[in-house]
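# Observations on the model geometry
Residue-level listing of the chains:
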Amino acid sequence: MKKPKNQDTEALILESAKEVFQKKGMDGARMQEIANKAGINKAMLHYYYRSKQMLFEAVFHNAFSLLAPELNKVLKDDSSIEEKVRSFTHNYISFIMKHPYLPNFIIQELNRNPIFFETLRKNAAFPSLEKFENQVAYEVEQGILKPIDGKQLFIHILSLNVFPFVASPLIKGLLHIEDNGFKELMEERKTAVAEFIIASIKK
């Protein structure tokens, strides 16, 4: 009989793999390095995950499972578009400040292997734009919002919130700020981004 897998060991492997994949990506990561970081031998690592691809997919699914609920909050709740913009901007920036590796990690690997992204779309928790688009169209029709396409608005919201974290080294360099200054700037953006978007779409 196979020895049952230990959840603490598996969690340690995933955390170690996340750090290695974050720094080196899928192609640059090595199973031996992940095993060393987790404090186990390579045979033990292969017992839990037979291949680097399987381990990467587990790490990626964990990362995406953290982000998907944040997207769904803005897409599927019953609040107004203005409330959604404010809520998403505040919650997303707060969330990413706690998990700063996520945007770069997800974008890097989606670009590296777009086919893998298709497996994510089969997940029931995968965000859907349908309700958001319908709500934007309704508020435009009611004269609450200026004419705007729901897809374009979602891209505006996403890009204005995601980009500063993806490009944080560039922003720090251009603005001559360190980590603490960047954190202060992101705190300010919780309000600044929402106000900017709302001012551009409300009648």
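Keep in mind it's a predicted model, so treat the numbers as computed, not measured.

## Some details on the overall build of the protein
Looking only at helices and strands, the protein has eleven helices and zero strands in total. When the helices and strands of the protein are listed from N to C terminus, the series reads α-α-α-α-α-α-α-α-α-α-α. Overall, the C-alpha framework of the protein stretches about 65 × 45 × 25 Å when taken along its three principal axes. When contacts within the protein are restricted to residue pairs at least 6 apart in sequence, long-range pairs at least 24 apart make up 69% of them. For the protein, the exposed area adds up to about 11,700 Å²; of that, 56% sits on carbon and sulfur atoms.

## Regarding the UniProt feature "domain: HTH tetR-type" (unreviewed entry) in the protein
Sites flagged by UniProt as "domain: HTH tetR-type" (unreviewed entry) map to residues 7-67. Secondary structure over residues 7-67 splits into 87% helix and 0% strand, and the C-alpha atoms at its two ends are 23 Å apart.

## Some points on the confidence of the model for the protein
Summary statistics for the protein give a mean pLDDT of 87 and a share of 97% for residues scoring 70 or more. Per-element mean pLDDT across the protein ranges from 73 in helix α7 (residues 114-120) up to 96 in helix α11 (residues 179-201).

## Observations regarding the packing of aromatic side chains
Under the counting rule described, the total for this entry stands at five aromatic pairs. With a centroid separation of 6.1 Å and 70 degrees between ring planes, the pair formed by F132 and F154 is classed as edge-to-face. Note that F132 is positioned in helix α8 (residues 130-141) and F154 in helix α9 (residues 150-166), a separation of 22 residues in sequence. An identical accessibility class is assigned to F132 and F154; each is buried. Between the aromatic rings of F165 and F182, the centroid separation amounts to 6.0 Å while the plane-to-plane angle is 90 degrees, which identifies the pairing as edge-to-face. Of this pair, F165 sits in helix α9 while F182 sits in helix α11, and the two are 17 residues apart along the sequence.

## Brief notes about the UniProt feature "DNA-binding region" (unreviewed entry) in the protein
If you check UniProt for "DNA-binding region" (unreviewed entry), the listed places come out as residues 30-49 in our numbering. With 75% helix and 0% strand, residues 30-49 has end C-alpha atoms that lie 13 Å from one another.

## Structural notes on the side chain of K190
One can find K190 in helix α11. For K190, the side chain forms a polar contact with the side chain of S94, separated by 2.8 Å. Sequence-distant contacts of K190, defined by excluding residues within four places in its chain, comprise T89, H90, I93, S94 and M97.

## Description of the nonpolar core
Formed by 56 residues in total, the largest nonpolar core has its most connected members in F21 and L55. Top contributing element to this core by residue count: helix α4 (residues 52-76), with twelve residues. Once residues lying within four places of it in the same chain are set aside, the contact partners of F21 are M26, A29, I34, K52, L55, F56, V59 and F105.

About the cut-offs
Residues numbered from 1 in each chain as written. Predicted model: local features only at pLDDT ≥ 70, side-chain atom pairs only at ≥ 80, totals over all residues. Heavy atoms only, no water. Helix = DSSP H or I, 4+ residues; strand = E, 2+ residues; numbered from the N terminus. Contact = heavy atoms within 4.5 Å. Areas by Shrake-Rupley, 256 points an atom, 1.4 Å probe, with all protein chains shown as cover. UniProt positions renumbered as here; feature names shortened; annotations may be inferred. pLDDT = per-residue confidence, 0-100. Phe/Tyr/Trp six-rings, centres within 6.5 Å; stacked < 30°, edge-to-face > 60°. Buried < 20%, exposed > 50% of the residue type's maximum accessible area, 1.4 Å probe, protein only. Polar contact = N/O pair within 3.5 Å; in protein donor to acceptor, adjacent residues only side chain to side chain. Core = buried A, V, L, I, M, F, W, Y, C linked by side-chain atoms within 4.5 Å.

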